[in-house]
Every structure is written in structure tokens, then in C-alpha cells.
Amino acid sequence: QKEVEQDPGPLSVPEGAIVSLNCTYSNSAFQYFMWYRQYSRKGPELLMYTYSSGNKEDGRFTAQVDKSSKYISLFIRDSQPSDSATYLCAMMDRNTGKLIFGQGTTLQVKP
Amino acid sequence: GAVVSQHPSWVICKSGTSVKIECRSLDFQATTMFWYRQFPKQSLMLMATSNEGSKATYEQGVEKDKFLINHASLTLSTLTVTSAHPEDSSFYICSARTAEGLAGEYEQYFGPGTRLTVT
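Overview of the structure. (Residues numbered from 1 in each chain as written. Chains lettered and ligands numbered in written order. Predicted model: local features only at pLDDT ≥ 70, side-chain atom pairs only at ≥ 80, totals over all residues. Heavy atoms only, no water.)

Within chain A, the secondary structure is distributed over zero helices and 11 strands. When the elements of chain A are put in sequence order from the N terminus, they spell out β-β-β-β-β-β-β-β-β-β-β. Its C-alpha atoms give chain A a radius of gyration of 13 Å, within 12% of the compact-globule value 13 Å for 111 residues. Seen through its C-alpha atoms, chain A measures out along the principal axes to roughly 45 × 30 × 20 Å. Here chain A holds 111 residues, and the buried ones make up 45% of them. Of the contacts made within chain A by residues no fewer than 6 positions apart, 55% connect residues no fewer than 24 positions apart. Of the accessible surface of chain A, which amounts to about 5,300 Å², a share of 46% is contributed by carbon and sulfur atoms. Between the averaged position of the 12 positive side-chain charges in chain A and that of its 11 negative side-chain charges there is a distance of 5 Å. (Helix = DSSP H or I, 4+ residues; strand = E, 2+ residues; numbered from the N terminus. Rg over C-alpha atoms; globule rule 2.2 N^0.38 Å. Buried < 20%, exposed > 50% of the residue type's maximum accessible area, 1.4 Å probe, protein only. Contact = heavy atoms within 4.5 Å. Areas by Shrake-Rupley, 256 points an atom, 1.4 Å probe, with all protein chains shown as cover. Lys, Arg positive; Asp, Glu negative; His and termini not counted. Charge placed at Lys NZ, Arg CZ, Asp CG, Glu CD.)

Okay, here's the thing in C-alpha cells:
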């Protein structure tokens, strides 16, 4: 079993839809939770990071962490074609300091 | 967010030659930098962790003599692929981590990546 599970998709939605991306994890040592966006042939771009259970909002993006369920989510409101990319969840192991990545979910927002 | 640069963005080299990739944190100091490798449609695979002024720590299965890492300053780390072979062709991405925040948190930023093709 992988430490971080993320559905690779692809996920296709119409423009303006609310997108929900999710990851589950099994390691209780994961301390910080991040979401990255990666366009094709580019490096990952940090979108959001949280380190406690609850919600964190930034513009059209909301990151949600539920440590009791070991479940994190990223919501994108009013999705745009420019949001089409691969979204990677990542978690930092407090024991090793390393980021563990999910497989990434490919999102396509159709105009 | 913080900016991490990589150079070159794309390189083609002949089998048997060596290639150096530079990673710089432009607006912050990074005591810890990381090197990843990514194959098409796959997630990032950590190769090594680089701490300024000390030897890099390599992940299991990564040849330290083949992938030489130097972290000479708080803003620069280099990865040298020695005696490159076609199977080394990949997308190499560096990452730099900020200093610990007030709440004990870190942020980790990635460079734009270097696409290496070995012919």
C-alpha cells in the first residue's frame, strides 16, 4: 500500500464547475500538507499548504485537512481552462523532513 | 511565493559525457535542497537531499557516484550526471526548502525542471 493515495484521473469538468481533488494517507508522522499544480513539462508550483486540520482558503482555492480521517482535499471554485494541469498532493514526514507525493490527478477544464 | 531557478532548462548530450544542472533559490536562503527525477505521467521521485556544507544523502537505489551533488552555498546546489547513458534521460527537478517558520512549518518550492536527453 502506498503511503499517499491519489486518484490519477483524468478528471474532466466544464468551465465554472467546482472541482474536488482528494488524497488519503496512512502515515501518522505526516505533518504538513501541500498542494502543487504542475503544467506539462514544468516544475510543480506550490498552491497551498496547511499544517493543521481544518480549512484554508486562498482565492478560488480551498485546502481541507482531516487528520483524524487521514484525508486531505483541494477545492477549486469557478474552474477555468487555465486550471487544466496535474495536481499533486504532498505531505512532509516530520521524522525525515521529506515530502511524499501522491501520484497526481490530471484535471481538464473544458471551455 | 519564493522563486527557484534551474539551468539549463533543456540539454542534449552524447552518451558517456557529463552534464551539470544548477539550482538556485533567488530570493531566500535554503539550507536544504532536494533533487527529484520525474518520468512521463509519473510523480516525482526523490533522488537525494542536499544540505549546505555537507554531503548529500541519497535515496536507496540512487548511485551517488553517478549523480554528484554539491551544495556549496545557501542559494546554489548542483547536480552532475556523470557518464550519462540514454536511460538517464529524464526530467530533473530541484527544490529548495525555506527556513523553519514560527509555527515550525516549512515551505518547499520547486524549480522549473531540466529536461535531459542522452543520445
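Picking up after the structure, the text goes on.
What follows covers the interface of chain A and chain B. Taken together, the contacts link 19 residues of chain A with 21 residues of chain B. Between chain A and chain B, the buried area comes to about 1,700 Å², and carbon and sulfur atoms account for 58% of it. Where chain A touches chain B, the interface holds one salt bridge. A salt bridge links E59 of chain B to K98 of chain A; the shortest N-O distance between them is 2.7 Å. Counting across the interface, chain A meets chain B through seven residue pairs in polar contact (both at pLDDT 80 or more). With four residues, the single largest contributor to the side of chain A that touches chain B is strand β4 (residues 30-38) of chain A. Split into classes, the residues belonging to the side of chain A that touches chain B amount to 11 nonpolar, five polar and three charged. (Buried area = accessible area lost by both parts, 1.4 Å probe. Salt bridge = Lys/Arg side-chain N within 4 Å of Asp/Glu carboxyl O. Polar contact = N/O pair within 3.5 Å; in protein donor to acceptor, adjacent residues only side chain to side chain. Nonpolar A, V, L, I, M, F, W, Y, C, P; charged D, E, K, R; others polar.)

Tallied over the entire structure, the rule returns two disulfides over all chains. Here C23 of chain A pairs with C89 of chain A through a disulfide, and the sulfurs are 2.0 Å apart. Disulfide C23 of chain A-C89 of chain A: torsion about the S-S bond near -100 degrees, hence left-handed. Of this pair, C23 of chain A sits in strand β3 (residues 19-25) while C89 of chain A sits in strand β9 (residues 85-93), placing them 66 residues apart in sequence. Both residues of the pair, C23 of chain A and C89 of chain A, belong to the buried class. One disulfide in the model links C23 of chain B with C94 of chain B; its S-S distance is 2.0 Å. The S-S bond linking C23 of chain B to C94 of chain B shows a torsion near 75 degrees; that makes this disulfide right-handed. Here C23 of chain B, found in strand β3 (residues 19-25), pairs with C94 of chain B, found in strand β9 (residues 90-97); they are 71 residues apart in sequence, far enough to count as distant. Each of the two residues, C23 of chain B as well as C94 of chain B, counts as buried. Unpaired in this structure, C13 of chain B has its nearest cysteine sulfur neighbour in C94 of chain B, at a distance of 18 Å. (Disulfide = S-S within 2.5 Å.)

What follows covers the sheet that holds β3 of chain B. Residue and element names in this part refer to chain B. Reading across the sheet, the four strands line up as β1-β3-β8-β7 and stay open at both edges, with antiparallel pairing between neighbours. Taken across any chain shown, the strands that pair with only one partner, and hence form the sheet edges, are β1 (4-7) and β7 (67-73). Each adjacent strand pair in this sheet contributes to an overall mean axis angle of 15 degrees, direction not counted. Where β3 meets strand β8 (residues 76-81), six bridges bridge the pair, whose relative direction is antiparallel. From the neighbouring strand, R24 faces β8, where its bridge partner is L76. (Pairing = 2+ DSSP bridges. Axes fitted to C-alpha atoms, helices over the stretch in contact; angles between N-to-C directions.)

Trans is the prevailing form of peptide bonds, just as negative phi is the prevailing case for residues other than glycine. G9 of chain A connects to P10 of chain A through a cis peptide bond whose omega is 10 degrees. With respect to the helices and strands, the residue P10 of chain A is situated in the loop between β1 (4-5) and β2 (11-14). Cis geometry marks the peptide bond from H7 of chain B to P8 of chain B; its omega dihedral reads 0 degrees. In this fold, P8 of chain B is placed in the loop between β1 and β2 (10-13). A positive phi angle is found at K41 of chain B, which is not glycine, with a value near 60 degrees. Assignment of secondary structure puts K41 of chain B in the loop between β4 (32-38) and β5 (44-51). According to the relative accessible area criterion, K41 of chain B is exposed, its value standing at 84%. Of note, S83 of chain B is a non-glycine position whose phi angle comes to about 45 degrees, a positive value. Relative to the helices and strands, S83 of chain B resides in the loop between β8 and β9.

This is a description of form; function is not addressed.
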